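Descriptive analysis of the structure
The primary structure of each chain is shown beneath.
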Amino acid sequence: MPKRRRLTRRQVLVAAAPALAAAPLARLALGEAAAASPARHAGMAMGPMGPMGHAAMIGAEVPAPGRPNELDALLYPPKVLAHKPGRTREYTLVASDRQIEVAKGVFFSGWTYNGTAPGPVIRATEDDLLRVTLVNAGSHPHTIHFHGIHPANMDGVFEIVEPGASYTYEFPARPYGMQLYHCHSTPLKKHIAKGLYGAFIIDPPKPRAPAQELVMLLAGFDTDGDGANNFYSVNGPAFYYAKYPIRVRRSETVRIYLANLTEFDLINSFHLHGEFFRYYPTGSTDHFEYTDTVMLCQGQRGIIEIDFHNTGRFMFHAHQSEFTELGWMGFFDVVA
Amino acid sequence: MAATSAAERRSGGAWRLWALVPLLLLVGVVALFASSGTSLLDLVGRAPPALDQFDIRRVEFKPGEITIRVTNPQRKKLTIASVTVDDAIVPFRTDGPTSLSRLRSSRIVVPYQWVDGDPYTVGVTSSSGIETTASVAAAVEARGASPRGFLGYALIGLLVGVIPVALGLAWLPSLRRADPRWVAAFMALTAGLLSFLALDALA
């Protein structure tokens, strides 16, 4: 009978090692199984109601950047002037690279006209001689392309303004309506998405009825450069008018010059709660639609006239829920 | 005879010492490369900047809220600026700083009426606008501590920690009879497996 060998301490350790190794392996396997396990608890998860839903996004709760009245220059257009053919209206737009706060605490490397996206509101009366100088203080070639009727060499497509250079666009303002302007350098998508656009109002020879006039430019911001917008807004910062509602009087018509410059998304829209309004597409004729929702593709614009029946707080927003919840939402505070 | 064995022992010790030399050299070279920062890479061109992405470590669903554990894996400081659930900006608070230094973590708490079993995607956007998203295939309530859970963990621990050791020890009689070459082979396999697991755990 062969003599039995004594088992050494080393051999015992060796024997136990695979078992020890099995522990972390099993943990890994179980961990994955737990992560993949499907829902089993029946019913809705119920809890105390949090400050959720866009109806609750009011006042201090709203994650919007900026201070009260900071956007007044973009919201309230310059004063309308009486019809006087041949009068010169001059504007200077400086294009520059700018870090802009597009949502609370979120900074976007934008390109701007006069430091903001959208750029300043340009206003003229039909038959004014418009003289707009573009100074390019940015790092890329830019232009200004106006919508409207003008000579071919004033179109902002072929006259590329290199960094450090400037160019003056000169043409009679026509036709009346809500126009717009934007950069037309290539790559076009990039130059618009970065923030180079603005409102361009041409008033009719016979003045419109007096109203509380507002300008709203719809746009989005693709902060991570993936070709899809991360934030949407009116006149720049997301949720700004949810935090700082626009105060209007019920006694006087509210007129909104509305334009859509949103890049990447096919359409944008404007919807007003609790009220109907007259919508004049492009605002160049008397034709209007009576509605509470309008849809605009990029470059489409028009004029909205609201006669509020009621006082109180009324929401306005894109009727694409996604845009609403990514910043394109605000309130009117209608007072007597 | 005695002199020879002493010499053998000495040369054996030297062999062990020499085996350390490449390791020490490797440590030196790695340290040198690490301490050079980007100066070496700059010679061949500028590396693209790291995206300001967070690492979303864990998304938990509790009644009326979603919690998101984020870590900053980047060299530079990252700030939590905006939080979304299914592409909608939501109010949030953090247990911990909103500005995270390298490898620091914070827990984001979002009050939210989530639907059991529905898929969710949460997004955390840094102050530079870069969004990090994490998707959960089906929302399930995360359990807190309970006797039931304690029992479950105890059973799992028994299953993965005690029973395998016992099974391993059951090899004892056969190992006692095994050829030393087989024992050496088992040991080599075990050492390799343990080394792999140790390295794999770091990843």
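Fair warning: this is a prediction, and the values are worked out from it, not measured in the lab.

Across its full length, chain B carries 5 helices and 8 strands. Projecting the C-alpha coordinates of chain B onto the three principal axes gives extents of approximately 85 × 55 × 25 Å. The 203 residues of chain B split such that 17% are buried. Taking as baseline every contact in chain B between residues at least 6 positions apart, the subset at least 24 positions apart corresponds to 53%.

As a further point, take the domain arrangement of chain B. For an interface, size is often stated in terms of accessible area lost upon the parts coming together. You can read the domains of chain B as domain 1 (2-39), domain 2 (55-136) and domain 3 (147-202). Distance from the C-alpha centre of domain 2 of chain B to the C-alpha centre of domain 3 of chain B: 38 Å.

A word on the environment of Met216(A). All names here are of chain A. Relative to the helices and strands, Met-216 is located in strand S9 (residues 212-221). Met-216 sits in the buried class, given 23 other C-beta atoms within 10 Å. Between the C-alpha atom of Met-216 and that of Arg-249, which follows or precedes it by 33 residues, the distance is 18 Å. Apart from the residues lying within four places of it in its own chain, the contact partners of Met-216 are Val-234, Asn-235, Ile-256 and Leu-258.

So, about helix H3 (residues 147-169) of chain B. Residue and element names in this part refer to chain B. With 23 residues, H3 should reach 33 Å at 1.5 Å per residue; the first-to-last C-alpha distance of 31 Å fits that figure. Considering bend angle alone, the principal kink of H3 is centred on Leu-158 and spans about 35 degrees. For H3, the buried fraction is low: 0 of the 23 residues fall into the buried class.

Before going further, it helps to examine the sheet that holds strand S7 (residues 177-182) of chain A. Picture the strands of a sheet paired through backbone hydrogen bonds; they go either parallel or antiparallel. Residue and element names in this part refer to chain A. In spatial order, the strands read S3-S8-S7-S5; together these 4 strands make up an open sheet with mixed pairing. This sheet does not close on itself; its edge strands, each paired only once, are strand S3 (122-125) and strand S5 (145-146). Where S5 lies against S7, 2 bridges are found, and the strand directions are antiparallel. Along S7, the bridge assignment pairs Phe-146 with Tyr-181.

With that settled, consider the nonpolar core. Ala199(A), Val215(A), Leu217(A) and Ile66(B) are the most contacted members of the largest nonpolar core, which totals 109 residues. For this core, the element with the most residues is S9(A), which contributes 7 residues.

Turning our attention to helix H5 (residues 180-202) of chain B. Over its 23 residues, H5(B) extends 33 Å from the first C-alpha to the last, a length consistent with the 33 Å expected when each residue adds 1.5 Å. Counting buried positions along H5(B) gives 0 out of 23 residues, so the element sits mostly on the surface.

Residue and element names in this part refer to chain A. Residues of strand S16 (residues 293-297) alternate between two faces, with Val-294 and Leu-296 buried on one and Thr-293, Met-295 and Cys-297 left unburied on the opposite face. With 5 bridges joining them, strand S13 (residues 267-272) and S16 adopt antiparallel strand pairing. Among the inter-strand pairings, Ile-267 is bridged to a residue of S16, identified as Cys-297.

With respect to the helices and strands, Gly192(B) occurs in helix H5. When the C-alpha atoms of Gly192(B) and Pro180(B) are compared, they prove to be 18 Å apart, with 12 residues separating the residues in sequence.

Scoring rules and cut-offs
Residues numbered from 1 in each chain as written. Chains lettered and ligands numbered in written order. Predicted model: local features only at pLDDT ≥ 70, side-chain atom pairs only at ≥ 80, totals over all residues. Helix = DSSP H or I, 4+ residues; strand = E, 2+ residues; numbered from the N terminus. Buried ≥ 20, exposed ≤ 12 C-beta atoms within 10 Å, placed from the backbone. Contact = placed C-beta atoms within 7 Å. Domains from an automatic or database assignment. Expected span 1.5 Å × (residues − 1). Bend = angle between axes of the 7 residues up to and from the residue. Pairing = 2+ DSSP bridges. Core = buried A, V, L, I, M, F, W, Y, C linked by C-beta atoms within 7 Å.

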